[in-house]
Amino acid sequence: MRMPIDQAARDEALEARVNLLIEAGAGTGKTTLLVERVVETVVHRQVPLSRILLITFMDKAQEEMRHRLQARLQERLESAEEWARPLLEAALASLPDAHITTIHGYCQRLLREFGSAYGIPLGFQVMDAVDTDRLWEETFRDWVQDPEREPVVLDLLHAGIGWPHLRRWAKQICEWWDVPDLNADFPNLWGFVAEFRDAAAELAERARLDASPADPGRTQIQDINRQIEWLAEMPRREWPRMLAQWTRGLAPKGNKKNWAHPDWLTEQKEWVQSLREALAQIRQQMADAYLAEWVSLIGREFRPLWRRQRFGALSLTFDDLLIEAERITRRPEVRQALANRFDLVMVDEFQDTDALQAAVIRRLVSPIGEDHLHPHDQGRLFLVGDPKQSIYRFRGADVETYASVRREVEETGGRLIPITQNFRSVPAVLDFVNQLFEARWPLEPNPEVPYIPPFRALDPHFPDDDRTRLRVEQLCPAGSAAEKRRAEAEDIADVIERALGEGWPVRDGRGERPILPEDIALIIPQRTGLDIYRQTLESRHIPVAAQAGRNFFQQDEIRGLFHLFQALANPEDALAAAGWLLSPWVGLTHQELADHRLKGGSWRYGETDHGHPAVLKWWHRLKSWHDKFWRVDAETVLDWAMAASALPAVLERGEDRAALANLRQMRELCRDFGDRWGIFEFARWFSGQVLDEVPFDEARVPGRESEVAVSTVHQAKGLEWPFVIVANWKPKRTALDSGIHYNPRLGAVALRQEPWLSREWARLEDDHRRREEAEGDRLLYVALTRARDYLWFYASFLDERFPSESPVEGE
Amino acid sequence: MSIIVYTGSPSAVHRHWAARLESLAPRERNAAMVMTPSRRLASLLARLPHTPPALAVDDWLTEMLPQNIMPLPSASWYILSQYMPKLPAPWHETPGLPLAVAELVKEGRSAGVAAISPEASGQLPWDRIWQWFDEKLNRGGADALRMYDYALKTGKVPAKSGGFVFVYGFSDVTAPFIELMRQWGEKGPVEAWFFTNTVDAGTLRRWRARQVSLPEPQGAGETLGIRSALEGLDSLDVLARWVAPQIHDHGWVAVSPDERDARRLHRALARCGLPVDVERSTEEALWPLFLETSRGHSGAAVQRHWHQAVRGRVSVDWARQWWERAMQAPSWAILGRLVEEARIAHQVEWPHLSRWAQDIQIWDAWFPPQPESTAQVLPQIPAVSPEQPPSSLLPVLPLHEAAWIPNAQVLFMAHGRSTRSPRTSPFDQDGAIRPWVRRARGYATDAVILQQMLNDAGLKRWATADVEDVEAAGWEDAAPSEAPPVDASDLDRLQGWYRQWRESPSYSAYTGDLTPETASALMPHRLSPSALEDFGKCPLSFLLGRLLRISPVDDEPREVDAAMAGQWAHRALEVMVEERRILTPEAVQAAVETAVRDLPAPPSVARFFIRYQVDRLSAELYEALLRDGWAPGQAADVEMNLTWERIWPMAGRVDRVDQMPGGGLRLIDYKTGHLANPAKPSPGNLQLLLYQDALYHRYRTPVTAELYGVSQRAQYGRRQVTQAEADALRSQVDEILAGIKERMDQGQFRPVPDPRSDACRMCAFKPVCPARVTEYAGVKARQDPDYQSLWMGEGGEDNADAD
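Nothing here was measured: the structure is a model prediction, and the numbers come from that model.

About the cut-offs
- Residues numbered from 1 in each chain as written.
- Chains lettered and ligands numbered in written order.
- Predicted model: local features only at pLDDT ≥ 70, side-chain atom pairs only at ≥ 80, totals over all residues.
- Heavy atoms only, no water.
- Helix = DSSP H or I, 4+ residues; strand = E, 2+ residues; numbered from the N terminus.
- Buried < 20%, exposed > 50% of the residue type's maximum accessible area, 1.4 Å probe, protein only.
- Contact = heavy atoms within 4.5 Å.
- Areas by Shrake-Rupley, 256 points an atom, 1.4 Å probe, with all protein chains shown as cover.
- Expected span 1.5 Å × (residues − 1).
- Axes fitted to C-alpha atoms, helices over the stretch in contact; angles between N-to-C directions.
- Parallel < 35°, antiparallel > 145°, perpendicular 65-115°, else oblique.
- Left-handed = near helix turned anticlockwise from the far one by under 90°.
- Nonpolar A, V, L, I, M, F, W, Y, C, P; charged D, E, K, R; others polar.
- Buried area = accessible area lost by both parts, 1.4 Å probe.
- Salt bridge = Lys/Arg side-chain N within 4 Å of Asp/Glu carboxyl O.
- Pairing = 2+ DSSP bridges.
- Polar contact = N/O pair within 3.5 Å; in protein donor to acceptor, adjacent residues only side chain to side chain.
- Phe/Tyr/Trp six-rings, centres within 6.5 Å; stacked < 30°, edge-to-face > 60°.
- Lys NZ or Arg CZ within 6 Å of the ring centre and 35° of its normal.

S.K.: Any chance you could explain the overall build of chain B here in plain terms?
M.R.: When helices and strands are counted, chain B shows 33 helices and 18 strands. Considering chain B as a whole, with its 803 residues, one finds that 55% of them fall into the buried category. Long-range contacts, defined here as pairs at least 24 residues apart, represent 77% of the contacts in chain B between residues at least 6 apart. Accessible surface, chain B: about 34100 Å² in total, of which carbon and sulfur atoms supply 50%.

S.K.: I'm lost on the overall build of chain A in this one. Help?
M.R.: For chain A, the count of helices and strands is 29 helices and 20 strands. Projected onto its principal axes, the C-alpha positions of chain A cover 105 × 75 × 70 Å. Counting across all 811 residues of chain A, residues that qualify as buried make up 57%.

S.K.: Would you mind showing me how to read helix α18 (residues 481-502) of chain A here?
M.R.: Residue pairs spaced three or four apart in an α-helix point in one direction, given the helix's 3.6 residues per turn. Over its 22 residues, α18(A) extends 31 Å from the first C-alpha to the last, a length consistent with the 32 Å expected when each residue adds 1.5 Å. On the buried face of α18(A), the contacting elements are β14 (520-524), α19 (530-539), β16 (721-726) and β20 (787-794) of chain A.

S.K.: Teacher, can you tell me more about the packing of helix α1 (residues 7-15) of chain A against helix α2 (residues 30-44) of chain A here?
M.R.: Helix-helix packing is characterised by the crossing angle of the two axes and by the distance between the axes. All names here are of chain A. Across the interface, α1 lies against α2 with an axial gap of 9 Å and an inter-helix angle of 45°. It follows from the interaxial angle that α1 and α2 lie oblique. Handedness of the α1/α2 crossing: right-handed. Contacts between α1 and α2 involve R10, A13, L14 and E15 from the first element and L33, E36, R37 and E40 from the second. Here the contact of α1 with α2 is built from residues that sort into three nonpolar, no polar and five charged.

S.K.: Is there a simple way to think about the interface of chain B and chain A in this case?
M.R.: By a widely used convention, the size of an interface equals the accessible area lost when the partners come together. Each partner contributes residues to the interface: chain B has 103 residues there, and chain A has 103 residues. Between chain B and chain A, roughly 8900 Å² of surface is buried when both sides are summed, and carbon and sulfur atoms account for 55% of that area. Summed over the three residues of chain B that lose the most area to chain A, namely B:H305, B:Y498 and B:F608, the buried surface amounts to 8% of that side. Counting every contact that joins chain B to chain A gives 19 salt bridges.

S.K.: What is the right way to read the pairing of strand β12 (residues 505-508) of chain A from this model?
M.R.: For a regular strand, side chains alternate in direction, first toward one face of the sheet and then toward the other. Residue and element names in this part refer to chain A. In this sheet, strand β13 (residues 511-514) lies alongside β12 in antiparallel orientation, the contact comprising four bridges. Counterpart to D508 in the pairing with β13 is G511. Linking β12 back to β13 in an antiparallel pair, the connection comprises two residues.

S.K.: Can you help me understand the sheet that holds β14(A) in this one?
M.R.: Note on sheets: strands pair through backbone hydrogen bonds, and any given pair is parallel or antiparallel. All names here are of chain A. The strand order across the open sheet built from five strands is β11-β20-β16-β14-β15, with neighbouring strands paired in parallel fashion. Looking at which strands have only one partner, the edges of the open sheet turn out to be β11 (470-473) and β15 (709-712). Neighbouring strand axes in the sheet, compared pairwise and without regard to direction, differ in orientation by 20° on average. Pairing of β11 with β20 involves four bridges; the strand directions are parallel. Note that in β20 the partner of R471 across the bridge is W792.

S.K.: Hey, could you run me through the side chain of A:T329 in this one?
M.R.: Residues and elements named next belong to chain A. Within the secondary structure, T329 is located in the loop between α13 (318-328) and α14 (332-339). Within the structure, T329 has its side chain in polar contact with the backbone oxygen of E326 (distance 3.1 Å). Apart from the residues within four sequence positions on either side, T329 is in contact with L110, V334, R335, L338, V360 and R363.

S.K.: Help me out: how do you make sense of the sheet that holds strand β3 (residues 99-102) of chain A in this one?
M.R.: Residues and elements named next belong to chain A. With parallel pairing, the six strands of this open sheet are ordered in space as β3-β2-β6-β7-β1-β8. The strands lining the two open edges of the sheet, one partner per strand, are β3 and β8 (415-419). If you compare each strand with its neighbour and ignore which way they point, the axes differ by 15° on average. In this sheet, strand β7 (residues 381-385) lies alongside strand β1 (residues 20-24) in parallel orientation, the contact comprising four bridges. Each residue of the ladder has a partner; that of L20, found in β7, is F382. Of the strands in this sheet, β2 (52-56) and β3 touch helix α3 (residues 59-78), which is tilted by about 155° from β3. Contacting β2 and β3, helix α5 (residues 103-114) crosses the sheet at an angle of about 110° to β3.

S.K.: Which parts of the structure should I look at to understand the side chain of A:H374?
M.R.: Residue position: A:H374 is located in the loop between α15 (355-362) and β7. For A:H374, the contacting residues outside a window of four places in its chain are A:P367 and A:T412.

S.K.: Would you mind showing me how to read the environment of B:P529 here?
M.R.: Residue and element names in this part refer to chain B. As for its placement among the helices and strands, P529 is situated in helix α25 (residues 529-537). In this structure P529 comes out as buried when scored by relative accessible area, which is 0%. Taking the C-alpha atoms as reference, P529 lies 17 Å from L540; in sequence the two are eleven residues apart. With near-sequence residues (within four places) excluded, P529 lies in contact with W644, M650, A651, G652, Q687, L690 and Y691.

S.K.: Help me understand the pattern of salt bridges in this model?
M.R.: Residue and element names in this part refer to chain A. Per the counting criterion, the structure on display carries 128 salt bridges over all chains. In this structure, D320 engages R310 in a salt bridge whose closest nitrogen and oxygen atoms are separated by 2.6 Å. Taken as a pair, D320 in helix α13 and R310 in helix α12 (residues 262-312) lie far apart in primary sequence, ten residues in all. Grouping residues by exposure puts D320 and R310 together as buried. Here R331 ties to E333 by a salt bridge, and the two come within 3.3 Å at their closest N and O atoms.

S.K.: I tried to follow the packing of aromatic side chains on my own but got confused; where do I start?
M.R.: Geometry of an aromatic ring pair is reported as the spacing of the ring centres plus the angle between the planes. Residue and element names in this part refer to chain A. Taken as a whole and assessed by the stated rule, the structure comprises 79 aromatic pairs over all chains. The structure contains a cluster of three or more aromatic residues connected by ring pairs, namely F552, F553, F562, F565, F629, F673, W677, F680, F682, W685, F686 and F696. Positioned over the ring face of W677 is R134, at 4.1 Å from the centre of the ring. Taking NZ or CZ as reference, R631 lies 5.8 Å from the ring centre of W630, over its face.

S.K.: Is there a simple way to think about helix α26 (residues 657-677) of chain A in this case?
M.R.: Residues and elements named next belong to chain A. When the terminal C-alpha atoms of α26 are compared, their 30 Å separation across 21 residues agrees well with the 30 Å that a helix rising 1.5 Å per residue should span. Its side-chain oxygen at 3.2 Å from the backbone nitrogen of A658, D656 defines the N-terminal cap of α26. Residue G678 follows α26 closely and has a positive phi angle near 95°.

S.K.: Got a minute to help me understand the environment of B:A595 in this structure?
M.R.: Residue and element names in this part refer to chain B. Examined against the element boundaries, A595 turns out to sit in helix α28 (residues 585-598). Spatially, the C-alpha atoms of A595 and Q613 are 12 Å apart, while their sequence positions differ by 18 residues. Not counting residues up to four positions away in its chain, the partners in contact with A595 are W568, R571 and A572.

S.K.: When you look at the environment of A:R778 in this model, what are you seeing that I'm missing?
M.R.: Residue and element names in this part refer to chain A. With respect to the secondary-structure elements, R778 resides in helix α29 (residues 761-784). If sequence neighbours within four positions are ignored, R778 has contacts with P387, K388, S390, I391, V399, W441, Y451, P453 and R771. Looking at R778, its side chain comes within polar contact range of the main-chain oxygen of Y451, at 2.8 Å.

S.K.: Quick question: what am I supposed to make of unusual backbone geometry here?
M.R.: Across residues other than glycine, the phi torsion is negative in most instances, and most of the peptide bonds are trans. The peptide bond linking A:E754 to A:P755 adopts the cis configuration, its omega dihedral lying at 5°. Position of A:P755 relative to the elements: it lies in the loop between β18 (748-753) and β19 (756-757). If you check the backbone angles, A:E693 has positive phi at about 50° while not being a glycine. Of note, A:E693 is situated in the loop between α27 (679-691) and β15. Even without glycine at this site, B:E639 takes up a positive phi of about 50°.

Encoded structure:
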């Protein structure tokens, strides 16, 4: 076996007695390194496993880590010398209770242990997103309808800020870690109107006398004058809305030829321009003032109330775990208790942490009173990360935290150890990745752009050969998005057929074998347009893994159940009753519904005198179910449907495996929420999910033996396939969504919601754009580095040319 | 007199105890009494042969209480925690701490702890806390500790004179109970049966202890473990299917950590065809339904169910007033009377609730009810006893009771010990408290019992689902039984649904196609322009709404929706013009308020949202009328009805018609949403031109038709069509109408929303629309360009969402 080219760095990672940050590129075996370091610490430093904290990014990784560690400890035990055996045996025995956890899991333990002395509810539960939303909505509705609050809220509504926006922004503000102080004076609208009103009247009169009636300048000033007159006649409460809406018809107009005194038109145009600018300014000032008012009101009044409410219900949100853990770990007495608890604190995927998480972790390995790493407290921190694979910005991950901790480790006497030997991909793939990203990323961190990771080329482990391993395709350059996707999909189907037909060799643990469908993955950045790829592959009889999207509540079988719940809750709801009949649970046609109507049938299932026999059969059932509905649980309603309809039998015959999986998931929801809330509350919740089209993961379909995987980049992280096809790759959307945004780094909050645009918007959007572009590159890096033996990159949506392209064999 | 204690493995105890009972002479059996820890267990044991009468110890203790003392009613510890004096810093702001303290005291007293010494914990003033609880409990109510005291004072024995007292079913014994046993032992024979290791050695040494064992060890117990779901079933179903055929033969009991799990298993058994009752009784379910109705949290659907259940005996108003009165009840006694009043009004028994209503007045000696605590306490009180005798089919018990049923086999539900992690307490580090806290809490006992059962070679079988940490011998897969038979015609029908709708590339009867005869029979005698526009926006929505007359119901809207706001706007404008009011903000507001009175919002809409809409509409309509140059004197008519012929007999109503000073008419159609351009007709944008045509033919005078956007959203815009323009567009409109007619005549009402409009956004039929599955709809749409050609003509852009 060849020694890795970076063996010295790997050895140092196991042995160094200072704080370490292991910067491990894709496929370099970082999990193995983490496990080795634990074993090394247990055996050679004789540190019990109970004094090691290992933080993983996901729950799943936690389990994986535990299994890997168990396997490695057992392996070591088999060949261990006598003196080391008790250490390894003790570690194995304590493995089930080892501190291997996610950061949220660790914070939860901290709060349970220390929190009750600091206002954390005793015996708290962590609310799931559904319960959090429900409690928040209830709390907000009561708060906002309080007579004390009503005038302020009504004023904002009168300003033209819609109720859904106010509610959404309030929710966002509640999710911020802190609320900055915002101050903005409301502009003097009266002064503004007074300033322009007389001049407008004067200019309009002058234009009437001077310009020909058809002149656009004359029409324009008269329109402006009318606008101001209307404004003056309206109650002042309406002025902000009216002024903000006044955005049209203000580009200066007019033709000097139509004017007796052309200079007057010039003068008028300048005035119109000044009005236009003043309106834009006042609109921005109002936006700033409204933003400050709402942010302050929510921050000052509602956030504390919301905290009291959830804490009073003995519940914490997922975010609370971090926020409160960070708060209580500032307390010296808590620091004291934690100071010597762990001899080694290890964090995996450190590039995906944020500032709060980093603060909690730092306090475990630095002296009491210090919030940063310290030269005199070394050797207890072991971080592993790769800033090039930081792709969870949307979830709050902040690669700049990584960059600053990286700096801190180095400046306080710790070591940064890069690991570059890649054990995954063939040289052709690595060459392509290296060339592509060497051109995009600097070799060393650039403090000016801390969100752009430094790049170190990945070193190949396997020898090169003469097979075609890589191809970059840019198809259908002038086509529409759908055409590009169709072209890519056809090409992908061709190459898959060819690979399977020719039995392209792929590596497995024992050597090489011909490729199978499950060796192939189609990796996409997002699901838009995915159907085209799936349909094309299926039409060519290529088995594709049934896709688990986020439209669970929009699936036919689930919508059918929604209709059933609605119909049973309310027999007057004709649409729900008809929806049930049209669903795959009953399967009636529109023709049969029309026949029912023509036979005098009713949509109220209580009325069964006339109608189509198939409808009446179900009406009798619904009537009988309705009578018992209020005394049963949600799962019983599902059971009624499952027993009465042939749908389960049809699905079990293979008609729609995804639907069958969804029904199983629906049963779990019925149990989890239905038993917790009761039938009516469940029906209300279910209705909200369907009608509001709330995204929810579709059930995973148990895999067939062999099929091509379809995966987003985020799902693909940490995985690998022999043949990876990266397709549908569009430049990342980098605009900020409308609404309000807080950028703690800049200390700024901004608003954009037609017609409001606050002062800081451009600055925040620029900051966001640059970081999103950088994340787009990182996503591509993750996608491309999933390939072991073959990589096909379809870049039809990208304009740039790519560094490497090798011909398909035989061409 | 003496006490004999028998200990052994569960199966040995079962066997010997059964033999012991069998050995009793009838006279001895009649004089004996079996004391059990719960009413549930007593009820189950009493069903077994040869068993003397059985009584739960709590029931016996209650009988011993003096007349003026009663056991604490349900939720008492919760109520006490609500009124507990404020704890010192830093605890005083910790949510949940008072309840935790109350529960700790409760557990301590159940375990026989007389007080927690202040030295034992420097964290809280335990002596004062204990004293506070003692004071409350000495005033008419009694907890376990005091009940034992009273029982000891009476010196009574549960059995008849000289009869045996059998102590059976206790997985743990507390100090006061031991004292009670001692007293019984002084007056008659007592036999106590315990599992090995459940009672500490010190206690056993005080009495004659005998080890019982099985004469012939049976070998390892059989175990079924079900760890993973089978295709189409979850593990609970697999478990239920495996157990179902054996329940009657083998005396199964089920173990459930809480009631929710029990219900899950019952439902799984019901799915297997066993006659398990998965419906709550009316008595049980009516109380929470009444509370939901009376609190005003419910919509019309809940109220309807409640009405049906009480058959109109109680009105919603009465229920709401009842809640108000309950919240303002000045004493617990009055609250109790209110509960009784509700029970009588509903004409039900509600035995547990009724008893609670009598007992709760003990707290009047100390503190009156407060609305907040009343609102939280009432839903906690079940209407029927939570300790109902268990179902004979499959009793569901906690583990520490289930293990005592002789010959029973034990079924663990989806959770095992791994899910019952010990609760943490800030007081756990207190050495004086820990022993009895651990003993008093179920999980510790469960762990001991579970270990007993794992080690018990005599137990026949037990089954678990998804219990990871139980090292079960001989895991086996349980094959699902055959699925119930399905009607073949239903199967064909649903397969047809999948094949023809989901997979077929063409439209069918699943996607709005009717026979021409059916379509013809359904068509109304007259069509309105808005109905035609509905077809143009989406033929399927026309079929569902206009022909089949399927109407959606929003059961409990919380806010005023766009449709309702639009109706209010139209009605307010009608009032303004009809009454020729002087244009002032106040006049418009009055008109809007009239509209809201005439067309009231559903009761579920909060006052705040109505107020907001009234304010918004008042401002916007005032602005709109101001911009229009308010001249109601010109109005010849408002809400004018028209009938005419154009391909079909037609009928409709226009918002307003003005007589213009220079001659001719102005037709105004108010819009609160986006304005489409009427000069660019399309199937979804015909209305104004059709009205113009009708008006022109009625009065034979030129008509200028105008859409007027009376809202900020419509930017107070205007879209006009002169008579000359309308004449020029006539053939184009005829062509579109002919296209519509052709499709209607053929019975084609397909889910093809006008691509230039945003027809789907507000469509009420979205939930039943097959076209929402865009992937499939897209395939069909590509297959039938002829049908879609009607919507692909020139013009008609900017057609979104005109209302």
